[in-house]
Amino acid sequence: MGAPPGYRPSAWVHLLHQLPRADFQLRPVPSGFAPQEQEYQQALLLVVALAGLGLGLSLIFIAVYLIRFCCCRPPEPPGAKSLPPGGGCVTWSCIVALLVSCAGIGIGFYGNSETSDGVSQLSSALQHANHTLTAIDHLVLETVERLGEAVRTELTTLEEVLTQRTELVAATRGARRQAEAVAQQLQGLAFWRGVPLSPLQLAEEVSFVEEYRWLAYVLLLLLELLVCLFTLLGLAKQSKWLVIVMTVMSLLVLVLSWGSLGLEAATAVGLSDFCSSPDTYILNLTQEETGLGSDILNYYFLCNQAVSNPFQQRLTLSQRALANIHSQLQGLEREAVPQFPSAQKPLLSLEETMNVTEGNFHQLVALLHCRGLHKDYGAALRGLCEDALEGLLFLLLFSLLSAGALAAALCSLPRAWALFPPRNPSASCSGSHLSEPLLQARLEPVPHLSSFLGCWRRPH
């Protein structure tokens with residue numbers, strides 16, 4: 001099958017399409033796109049389940065680490081006057097994890113924008129295709145109505161005027177038959193009339209879903225950004241309550257990141273299967289939804305030399321009939337007008353109608369050619385399988401970075417805020433030292449630290 005113009009499956013499509021798939025019984029599943037089959041649905045759900053497994057392992061690791069930190073920590077000597085070893089490394093590791101998460105947020109914003117651009121391109125292509133199909137129906141309806149009006153009025157009047165000349169009446173009736181034949185042939189060109197599937201409605205539904213998807217990801221990205229910024233602020237200000245609240249929020253964002261990771265991975269796998277060979281699936285689905293013949297669908301979706309125009313015979317017959325009508329009208333004008341001056345007005349009206357009909361006919365020939373609709377089909381595939389898939393992969397990278405960075409931060413934050421010095425409002429020097437960041441305190445020499453500890457430890 002011929003690919004649409006400008007569309008070729010990318011390397012990412014081939015790579016994801018080659019990944020093995022299995023159902024819930026771990027039996028291999030073919031990688032062909034078949035969302036209606038239960039085995040294929042189970043294969044995609046298994047991809048989501050792998051993300052859930054990753055979330056579970058992350059939570060177990062974080063819980064074990066924190067339990068070990070809280071319960072297996074060696075007791076601090078009563079007279080200890082220094083911070084626990086490795087306190088600065090813990091804080092720095094937490095800061096680095098948060099900065100990595102911020103970098104992932106930037107990637108997420110880019111991926112969200114790319115995905116939205118791809119879906120917008122798909123929606124625009126569907127709207128343009130709907131405009132083409134609507135224009136075909138409108139031209140056919142207008143032309144048929146004009147021809148029917150000409151048969152009922154001008155040709156009937158012309159027959160009444162030329163009743164004295166039987167040969168002229170016969171020519172007029174021949175023009176009537178030709179006009180009726182053209183109208184009948186043109187009615188068969190409006191192939192989309194009465195089809196329940198509307199590209200415009202489909203484009204509106206796609207845009208509606210994409211709007212909420214885009215908004216959901218923006219809210220997730222902003223939530224994670226706020227968590228990172230307020231966590232860094234809590235570390236800088238040594239605010240235990242702020243760091244504790246942000247630890248809980250980080251746990252929430254970690255769950256959301258793993259959930260989005262599963263959805264993105266399953267969508268990317270399914271989209272790669274679709275984009276590797278989209279023609280067969282779309283042809284079958286469109287034929288099932290519209291009831292159109294395979295010859296019409298193959299012509300517009302494939303648009304190559306091997307598929308002939310299914311409307312060529314109707315177009316040829318209509319063109320010949322229009323040419324015959326023109327020749328008959330010219331003959332009537334030469335023969336009838338000198339003898340029957342009253343025949344000039346209906347003949348001029350008929351010529352005007354035929355000129356409009358020929359103009360509409362040439363527009364129909366251009367619109368019915370497969371180039372326009374096939375170009376829209378290619379634009380829709382490029383938007384979905386290139387831009388949208390690329391953006392989806394960037395969102396997948398964001399979720400991975402976010403999940404890993406937040407897991408590292410959740411392991412480091414409790415150890416970091418445990419190093420914060422206790423607040424003592426009655427201490428005389430609390431206002432000068434307790435507001436300093438932990439990192440600054442770590443960089444001070446030992447004598448300063450000793451004097452600081454002596455400042456807030458009262459002798460018994």
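Just above, that's the structure.
Report follows, based on the coordinates. (Residues numbered from 1 in each chain as written. Predicted model: local features only at pLDDT ≥ 70, side-chain atom pairs only at ≥ 80, totals over all residues. Heavy atoms only, no water.)

1. Comments concerning the pattern of salt bridges
Per the stated rule, a full pass over the model turns up eight salt bridges. Arg-146 serves as the salt-bridge partner of Glu-142, at 3.7 Å between the closest nitrogen and oxygen. Taken together, the residues Glu-142 and Arg-146, both in helix H3 (residues 87–152) and four residues apart, mark about one turn of the helix. The partner of Glu-159 in a salt bridge is Arg-176, with the nearest N and O atoms 3.1 Å apart. Separated by 17 residues along the polypeptide, Glu-159 in helix H4 (residues 154–161) and Arg-176 in helix H5 (residues 166–187) bring together distant segments of the chain. One network of salt bridges, with partners in common, ties together Glu-159, Arg-173 and Arg-176. (Salt bridge = Lys/Arg side-chain N within 4 Å of Asp/Glu carboxyl O. Helix = DSSP H or I, 4+ residues; strand = E, 2+ residues; numbered from the N terminus.)

2. Re the side chain of Ser-239
Relative to the assigned elements, Ser-239 resides in the loop between helix H6 (199–237) and helix H7 (240–276). When near neighbours in sequence (up to four residues on either side) are disregarded, Ser-239 contacts Gly-234 and Phe-420. (Contact = heavy atoms within 4.5 Å.)

3. Some points on empty space enclosed by the protein
Applying the stated rule across the entire model yields one cavity of 30 Å³ or more. Computed from the structure, the largest cavity encloses a volume of approximately 50 Å³. If you trace the largest cavity, you find it lined by Leu-147, Ala-150, Leu-155, Ala-175, Ala-179, Ile-325, Leu-329, Leu-350 and Met-354. Looking at the lining of the largest cavity, the elements with two or more residues in it are H3, H5, helix H10 (312–339) and helix H11 (344–368). (1 Å grid on protein atoms, 1.4 Å probe; cavity = no way out; pocket = protein on both sides within 12 Å on 5 of 7 lines; lining within 4 Å. Points joined across faces, edges and corners; volume = space filled by probe spheres on them.)

4. Some details on the nonpolar core
Counting 81 residues, the largest nonpolar core has Leu-162, Leu-186, Leu-189, Phe-191, Tyr-300, Phe-311 and Leu-368 as the members making the most contacts within it. No other element matches helix H12 (residues 370–418), which puts 14 residues into this core. In terms of nonpolar packing, the next biggest core, distinct from the first, is built from 15 residues, Leu-98, Leu-221, Ala-409 and Phe-420 among them. (Core = buried A, V, L, I, M, F, W, Y, C linked by side-chain atoms within 4.5 Å. Buried < 20%, exposed > 50% of the residue type's maximum accessible area, 1.4 Å probe, protein only.)

5. Here's the deal with unusual backbone geometry
In this model, Leu-26 sits at a positive phi of 60 degrees, which is unusual for a non-glycine residue. One can find Leu-26 in the loop between helix H1 (11–17) and helix H2 (38–71). Judged by relative accessible area, which is 64%, Leu-26 ranks as exposed. Phi at Gln-238 is positive, roughly 55 degrees, even though this residue is not glycine. Note that Gln-238 resides in the loop between H6 and H7. Given the relative accessible area of 5%, Gln-238 is considered buried.

6. Here we look at the layout of surface pockets
Here the largest pocket is characterised by a volume of approximately 1500 Å³. Considering the residues around the largest pocket, the lining is formed by 48 residues, among which Leu-122, Leu-126, Leu-202, Val-206 and Leu-384 are closest to the centre. Broken down by secondary-structure element, the contributors of at least two residues to the lining of the largest pocket are H2, H3, H6, H7, helix H8 (278–290), helix H9 (294–302) and H12. At nine residues, H12 tops the list of elements feeding residues into the lining of the largest pocket.

7. Quick notes on the packing of aromatic side chains
In this structure the tally under the stated criterion is twelve aromatic pairs. With a centroid separation of 5.9 Å and an interplanar angle of 80 degrees, the aromatic rings of Phe-33 and Tyr-40 are classed as edge-to-face. Judged by its relative accessible area of 25%, Phe-33 is partly exposed. On the basis of relative accessible area, Tyr-40 is assigned to the buried category, the value being 2%. (Phe/Tyr/Trp six-rings, centres within 6.5 Å; stacked < 30°, edge-to-face > 60°.)

8. A closer look at the state of the cysteines
In this structure the tally under the stated criterion is two disulfides. Linked covalently through their sulfurs, Cys-275 and Cys-385 form a disulfide whose S-S length is 2.0 Å. Since a negative S-S torsion denotes a left-handed disulfide, the Cys-275-Cys-385 link at about -85 degrees is left-handed. Pair noted here: Cys-275 is in helix H7 and Cys-385 is in helix H12, with a separation of 110 residues, a long-range link. Classification of Cys-275 as buried rests on a relative accessible area of 0%. Each sulfur in the disulfide pair Cys-303 and Cys-370 lies 2.0 Å from the other. Sign of the S-S torsion, about 60 degrees for the bond between Cys-303 and Cys-370, identifies this disulfide as right-handed. One end of the pair, Cys-303, is in the loop between H9 and H10; the other, Cys-370, is in helix H12, with 67 residues separating them in the sequence. When its relative accessible area of 21% is taken as the criterion, Cys-303 is described as partly exposed. (Disulfide = S-S within 2.5 Å.)

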